[in-house]
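What follows is each chain in one-letter form.
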Amino acid sequence: MNAEEILAGANTIAVVGLSRDPAKAAHGVPAVLQAHGFRIIPVHPSATELLGEKVYRSLKDIPEPVDLVDVFRPAAEAPGIAREAAQIGAKALWLQQGIVSAEARRIAEEAGLAYVENRCTAVVRATAAISKN
């Protein structure tokens, strides 16, 4: 499954590392996805609300099914996030542009998750004209 198919098939996106800072891609990209009808669930260590949504401390704390885990964290954290994504039954793991992890890829693929790395969800959304609105 390619990146466009993965994003088109997702409705609920957990964003690990969603930033409080509107100037950062880790805030702007999820905001764009939200504006195009995707359900965004922020995962952040200390915020309580981002983009008007309740924030969860970890993927395991999210009380609803997640289609896609979108990662805005350093590559060193990606394998652990991949393990959590598999544990919660996510369908796909997506490492944002600039993030690459062979170990996260292995973990995700062994767990049956679709996998994308080093791509921006907002760019793929725009170029493929994917919208849930």
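Residue indices begin from 1 for each chain and proceed along its sequence in written order. Since the coordinates come from a predicted model, pLDDT governs what is reported: local features require at least 70, and pairs of side-chain atoms require 80 or more to be given and counted, while whole-chain, interface and lining totals use all residues. As a rule here, side-chain values cover all heavy atoms of the structure and leave hydrogens and water aside.

By the naming in an unreviewed UniProt entry, the protein chain goes by CoA-binding domain-containing protein and is assigned to Amycolatopsis australiensis.

1. What about helix α4 (residues 102-110)?
Within α4 the residues assigned to the buried category are Ala104, Ile107 and Ala108. All buried residues of α4 lie within an arc of 95° about the axis, which places them on one face of the element. In α4, those exposed residues whose orientation departs by more than 90 degrees from the buried face are Ala102 and Glu110. Following α4 by one or two positions, Gly112 has its phi on the positive side, about 85°. Partly exposed residues are those whose accessible area sits between 20% and 50% of the maximum for their type, while under 20% is buried and over 50% is exposed, using a 1.4 Å probe and protein chains only. Secondary structure follows DSSP: runs of H or I at least 4 residues long count as helices, runs of E at least 2 residues long count as strands, and numbering of each begins at the N terminus. Within this analysis, the arc is defined by the directions that extend from the helix axis to the C-beta atoms.

2. Digging into the pairing of strand β5 (residues 68-71)
Of the two faces of β5, the one carrying Leu68 and Asp70 and the one carrying Val69 and Val71 are both buried. Should DSSP find at least two bridges between two strands, the strands are taken to pair. Here 4 bridges tie β5 to strand β6 (residues 92-95), and the two strands are oriented parallel to one another. Paired with Asp70 across the bridge in β6 is Trp94. Since β5 and β6 lie parallel, the crossover through helix α3 (residues 78-87) that links them has a hand, and here it is right-handed. A clockwise path from the first strand over the helix to the second, with the strands pointing away from the viewer, defines a right-handed crossover.

3. Thoughts on the pattern of salt bridges
Salt bridge, as used here: a side-chain nitrogen of Lys or Arg that lies within 4 Å of a carboxyl oxygen of Asp or Glu. Overall, the coordinates contain 9 salt bridges when judged by the stated rule. As a salt-bridge pair, Glu53 and Arg39 come within 2.7 Å of each other at their nearest N and O atoms. Taken as a pair, Glu53 in strand β4 (residues 53-54) and Arg39 in strand β2 (residues 39-43) lie far apart in primary sequence, 14 residues in all. Under the relative-accessibility criterion, Arg39 is labelled partly exposed at 30%. The partner of Glu64 in a salt bridge is Arg39, and the shortest N-O contact between them spans 2.7 Å. Of this pair, Glu64 sits in the loop between β4 and β5 while Arg39 sits in strand β2, and the two are 25 residues apart along the sequence. Residue class for Glu64 comes out partly exposed when judged on its relative accessible area of 28%. Residues joined in a network through salt bridges with shared partners are Arg39, Glu53 and Glu64.

4. A word on unusual backbone geometry
Positive phi is not limited to glycine here, since Leu51 has a value of about 55°. Looking at the element boundaries, Leu51 is found in the loop between β3 (49-50) and β4. One non-glycine residue with positive phi stands out, namely Asn118, at about 55°. Since its relative accessible area comes to 39%, Asn118 is described here as partly exposed.

5. Observations regarding the environment of Thr12
Mapped onto the elements, Thr12 comes out in strand β1 (residues 12-16). Residue Thr12 is classed as buried on the basis of its relative accessible area of 12%. Whether two residues touch is decided by their heavy atoms; if any such pair falls within 4.5 Å, the residues are in contact. Thr12 has contacts with Arg39, Ile41, Glu64, Pro65, Val66, Asp67 and Leu68, leaving out every residue within four places of it along the chain.

6. Focus: the sheet that holds β2
Strand order in this open sheet of 5 strands is β2-β1-β5-β6-β7, and the pairing throughout is parallel. Each edge of the sheet is formed by a strand with only one pairing partner; in this case those strands are β2 and β7 (114-116). The sheet shows a mean angle of 20° between the axes of neighbouring strands, taken without regard to direction. Where β1 lies against β2, 5 bridges are found, and the strand directions are parallel. Note on method: axes are straight lines fitted to C-alpha atoms, helices fitted across the in-contact stretch only, with angles between N-to-C directions ranging 0 to 180 degrees.

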